[in-house]
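# Observations on chain architecture
Listed here are the chains, written in short residue letters.
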Amino acid sequence: MTVSPAPEELPHLWQKPAYATLLDVLQRLRQEPRIWGLKESREEILKAQAASMAEVAFNRQEIISFLSSIIKSGLPWLDSDEQREDIWEEASRRLSERCGRTAMGEIIRRWPFRDEKNVSSECGSDFDLAIREPPLTGDSLGLKTWGSSYVLAQLLPHFSAGPLAHLFLGDEPLDVLELGSGTGLLGIAAACLWKADVTLTDLPNIIPNLSHNAELNRETVEARGGRVEAAALTWGSDDYEGETHPRFRESNRYKLIIVADPLYDDHHPELLSSAINTQLSLESDARLLVMVPQRDETTKGLTQSLRCKLEQASSPLTLVEDAIASGEDDWGVGETDETDRVGFWWGVYRREKSSW
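Residues numbered from 1 in each chain as written. Predicted model: local features only at pLDDT ≥ 70, side-chain atom pairs only at ≥ 80, totals over all residues. Heavy atoms only, no water.

## Regarding the overall build of the chain
From N to C terminus, the chain includes ten helices and nine strands. Put simply, of all contacts in the chain between residues at least 6 apart along the chain, 71% involve residues at least 24 apart. Carbon and sulfur atoms make up 46% of the accessible area of the chain, which totals about 16600 Å². (Helix = DSSP H or I, 4+ residues; strand = E, 2+ residues; numbered from the N terminus. Contact = heavy atoms within 4.5 Å. Areas by Shrake-Rupley, 256 points an atom, 1.4 Å probe, with all protein chains shown as cover.)

## Notes on unusual backbone geometry
The bulk of non-glycine residues show a negative phi, and the bulk of peptide bonds are trans. Positive phi outside glycine occurs at K195, with the angle close to 50°. Here K195 lies in the loop between α6 (185–194) and β4 (197–202). Positive phi, normally seen in glycine, also occurs at N252, with a value near 55°.

## Points about helix α10 (residues 297–311)
Over its 15 residues, α10 runs 21 Å from end to end, which matches the ideal 21 Å to within 8%, given 1.5 Å per residue. Within the sequence span of α10, burial applies to T299, L302, T303, L306, R307 and L310. For α10, the buried positions fall inside an angular range of 140° around the axis, keeping them on one side. The exposed residues of α10 that point more than 90 degrees off its buried face are E297 and T298. (Expected span 1.5 Å × (residues − 1). Buried < 20%, exposed > 50% of the residue type's maximum accessible area, 1.4 Å probe, protein only. Arc of directions from axis to C-beta.)

## What to know about the side chain of N277
Turning to its location among the elements, N277 is positioned in helix α9 (residues 268–279). Separated by 2.8 Å, the side chains of N277 and R351 make a polar contact. In contact with N277, not counting residues within four places along its chain, are N252, A313, S314, S315 and R351. (Polar contact = N/O pair within 3.5 Å; in protein donor to acceptor, adjacent residues only side chain to side chain.)

## A few points about the pattern of salt bridges
Within this structure, the stated rule accounts for 13 salt bridges. Note that E229 and R247 form a salt bridge whose closest N and O atoms lie 3.1 Å from each other. A residue pair is termed long-range when its members are at least 10 positions apart, and E229 in strand β5 (residues 227–232) and R247 in the loop between β5 and β6 (256–260) qualify at 18 residues. With relative accessibility at 26%, the residue E229 sits in the partly exposed group. Its relative accessible area of 23% is what places R247 among the partly exposed residues. The closest approach of N and O atoms between E283 and K255, which form a salt bridge, is 3.4 Å. Remark: K255 occurs in the loop between β5 and β6 and E283 occurs in the loop between α9 and β7 (287–293); sequence separation between them is 28 residues. (Salt bridge = Lys/Arg side-chain N within 4 Å of Asp/Glu carboxyl O.)

## What to know about the nonpolar core
If you look at the biggest cluster of nonpolar residues, it comprises 45 residues, and the most contacted ones within it are F113, F159, L164, W194, L256 and L289. Those residues in contact with F113 that lie beyond four places of it in its chain are D126, F127, D128, L129, Y150, A153, Q154, L185, A189 and L193. Within the second largest apolar cluster, 24 residues are counted, among which are A275, I276, L288 and L306. (Core = buried A, V, L, I, M, F, W, Y, C linked by side-chain atoms within 4.5 Å.)

## Points about the pairing of strand β1 (residues 107–113)
Burial along β1 is one-sided: the face carrying I107, R109, W111 and F113 is buried and the face carrying I108, R110 and P112 is not. With seven bridges joining them, β1 and strand β2 (residues 127–133) adopt antiparallel strand pairing. Bridge pairing in β2 links I107 to E133. (Pairing = 2+ DSSP bridges.)

## Focus on the packing of helix α3 (residues 60–72) against helix α4 (residues 81–96)
Axis separation between α3 and α4 bottoms out at 9 Å; the angle between their running directions is 145°. Note that α3 runs across α4; the crossing there is left-handed. Together, I64, L67, S68, I70 and I71 of α3 and I87, W88, A91, S92, R94 and L95 of α4 make up the contact between the two elements. In the contact of α3 with α4, the residues fall into eight nonpolar, two polar and one charged. (Axes fitted to C-alpha atoms, helices over the stretch in contact; angles between N-to-C directions. Left-handed = near helix turned anticlockwise from the far one by under 90°. Nonpolar A, V, L, I, M, F, W, Y, C, P; charged D, E, K, R; others polar.)

## Overview of the environment of R287
Secondary-structure assignment places R287 in strand β7. On the basis of relative accessible area, R287 is assigned to the buried category, the value being 12%. At a separation of 3.0 Å, a polar atom in the side chain of R287 contacts the main-chain carbonyl oxygen of S284.

## Observations regarding helix α7 (residues 207–216)
Taken as a whole, α7 has its buried residues at I207, N209, L210, N213 and A214. On an axial view of α7, the arc spanned by its buried residues comes to 165°, and they lie on one face. On its buried face, α7 is in contact with β2, α6, β4, α8 (218–223) and β5.

## As for the confidence of the model for the chain
Caution applies to low-pLDDT parts of the model: their predicted coordinates are not meant to be read in detail. Residues with a pLDDT of 70 or more make up 78% of the chain, whose mean pLDDT is 83. Mean pLDDT values for the elements of the chain range from 49 in helix α2 (residues 42–50) up to 98 in strand β3 (residues 175–178). Across residues 48–57 the pLDDT falls below 50, and counting only partners more than four positions away or on other chains, this stretch makes 18 contacts in the model. Low pLDDT, under 50, characterises residues 333–338; the predicted model gives this stretch eleven contacts beyond four residues in sequence or across chains. (pLDDT = per-residue confidence, 0-100.)

Now the structure itself:
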């Protein structure tokens, strides 16, 4: 990420700074969207970013006061209304960047993937994925990239070399279905790291952004031997003309389903279990890979409910392997941008022998 050096000083409006001066200062005050990973905590990344940004040179409150003064000012000395609108818009953006994610507009984060351990041949070279997140409004949780997606994405080479290795022995690309894809980071990473054909799915209102991110990263995915596309799939719905794409009429066709952070309400475990049971192949080598952050007692309870639903499905699933991965979680992050280090439970499931 390239960050412009901080301005040496903040101009005083009473000095009537020129349009070019104000625009330059405002662009130098930009704060890039944050990312974090397994090895480097979000706190460490924030510190590294801050070292190259304006907060080193200026007190945070000083910057906020400067931005607020611009927004409140009529800027009468500038040459045109267009210049004034430019400056007001830039100042508003810089202010929103310091007020937490929900206050920000559209952002694009770049998520790095580094092949440090060379776990398997699927890893290949380093790459970044660009993921767009529209402004967060209402309860559109699928428009934000949650920490679990990145945590699980970084662990994908571990799974393809371990408990899922049997699925990657053939010459043909594996068809993978992701449920509740959100912004698509996990599924797009799977297409890259596994050289797989990945279908990203979510609610119809999430699909436009999901398709955008698939297209945004298509060159990276295809260069690494993968393929990715997006289609609507509403859990519990058989409306194949609206809420669910007609391709999902054919049931039990996917040998591998992946899903991260899918539980936000009491009815989600049953709906998700039903979708998995409908889409996962009945063959003995089919697998489900799921990850759920253990943020609090509520999410722990939802996780346990999902596990029970999977084991009690009409074609039951059996847990093959599970563990807890430690990572950063930004659920509920506000103005302070502080995060908690939480446990992310993951499990690999297969069909019970009676289902084969």
